[in-house]
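A look at the structure
One-letter residues, chain by chain:
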Amino acid sequence: KLAPPVAVAPPAASAPATSVTGGPSTAPPKVKPINPPKLFKLTHESPVFASPDPNSATVGNVHIKKYVRVIGIAGAWLQIRLKDGTVGFIPATAAE
């Protein structure tokens, strides 16, 4: 004898949101200001992101062997201010 069909419940509203990459969505890390700002030499080319998230908009680019003014740290990201005043984020691995 076959078992009666089981209704499948929709996902619970408390299920974690997923990011574009399919992983769990997390809030961006909180920025800790660096006062006074410090200069770091770039060891890699890198896009500059609008927030500490590689899926955020790109607001500029930085180039190897140039210096950037670091004004904050957010997890594994450096918050920088470009010469034109634009503020953005680069991975900490891009600078020394």
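As shown above, the structure is provided for reference.
Since the structure is predicted, the reported quantities are computational estimates derived from the model, not experimental observations. (Residues numbered from 1 in each chain as written. Predicted model: local features only at pLDDT ≥ 70, side-chain atom pairs only at ≥ 80, totals over all residues. Heavy atoms only, no water.)

**Overview of the overall build of the chain**
Stated precisely, the cut-off is as follows: The numbering of helices and of strands both runs from the N terminus, where a helix is a DSSP run of H or I of at least 4 residues and a strand a run of E of at least 2. Burial here depends on accessible area, computed with a 1.4 Å probe over protein chains only, as a share of the maximum for the residue type. Under 20% is buried, over 50% is exposed, and the range in between is partly exposed. Per-residue accessibility takes into account occlusion by the displayed protein chains alone, with areas from the Shrake-Rupley method and a 1.4 Å probe.
Helix and strand content of the chain: zero helices and six strands. Burial status across the chain gives 25% buried among its 96 residues. For the chain, the exposed surface amounts to about 7,000 Å²; the carbon and sulfur share of it is 61%.

**Side note on the packing of aromatic side chains**
Keep this limit in mind: Only Phe, Tyr and Trp rings take part, Trp by its six-membered ring, and two of them pair if their centres are within 6.5 Å. Stacked means planes under 30 degrees apart, edge-to-face means over 60, and tilted covers everything else.
This model, assessed by the stated rule, comprises one aromatic pair. With centroids separated by 5.7 Å and ring planes inclined at 90°, the aromatic side chains of F49 and W77 adopt a geometry described as edge-to-face. Linking F49 in strand β2 (residues 46-49) with W77 in strand β5 (residues 77-81), this pair joins segments that are 28 residues apart in sequence. Given a relative accessible area of 9%, F49 falls into the buried group.

**Here's the deal with the pairing of strand β1 (residues 32-41)**
Let me state the cut-off plainly: Strands qualify as paired when DSSP identifies two bridges or more between them.
Taken across its ten residues, β1 has one buried, putting it largely on the surface. Relative to strand β4 (residues 67-74), β1 runs antiparallel, the two sharing six bridges. Note that in β4 the partner of P33 across the bridge is G72.

**A few points about the environment of A76**
Note the cut-off: Should any heavy atoms of two residues lie within 4.5 Å, those residues are counted as being in contact.
Within the secondary structure, A76 is located in the loop between β4 and β5. The class of A76 is exposed, set by a relative accessible area of 55%. C-alpha of A76 to C-alpha of P52: the two residues are 24 residues apart in sequence and 8.4 Å apart in space. If we skip the residues at most four places from it in the chain, A76 touches I90, P91 and A92.

**Examining the side chain of S46**
With respect to the secondary-structure elements, S46 resides in strand β2. On the accessibility criterion, S46 (5% relative accessible area) is buried. Every residue in contact with S46, bar those within four places of it in the chain, is listed here: N61, V62, I90, P91 and A94.

**Structural notes on the nonpolar core**
Quick note on the threshold: Here, nonpolar core refers to any group of buried Ala, Val, Leu, Ile, Met, Phe, Trp, Tyr and Cys residues whose side-chain atoms link them within 4.5 Å.
Core analysis: the largest hydrophobic core is formed by twelve residues, namely I34, L42, V48, V62, V68, V70, L78, I80, L82, I90, A94 and A95. The residues touching I34, leaving out its near neighbours within four places in the chain, are V70, I71, G72 and I73.

**Thoughts on the environment of G75**
For G75, the position within the fold is in the loop between β4 and β5. Taking the C-alpha atoms as reference, G75 lies 8.9 Å from K32; in sequence the two are 43 residues apart.

**Overview of unusual backbone geometry**
Between N35 and P36 the backbone carries a cis peptide bond, its omega angle lying at 0°. Assignment of secondary structure puts P36 in strand β1. Backbone geometry places K65, a non-glycine residue, at a positive phi of 70°. Looking at where K65 falls in the secondary structure, it is placed in the loop between β3 (58-62) and β4. By relative accessible area, which is 63% here, K65 ends up exposed.

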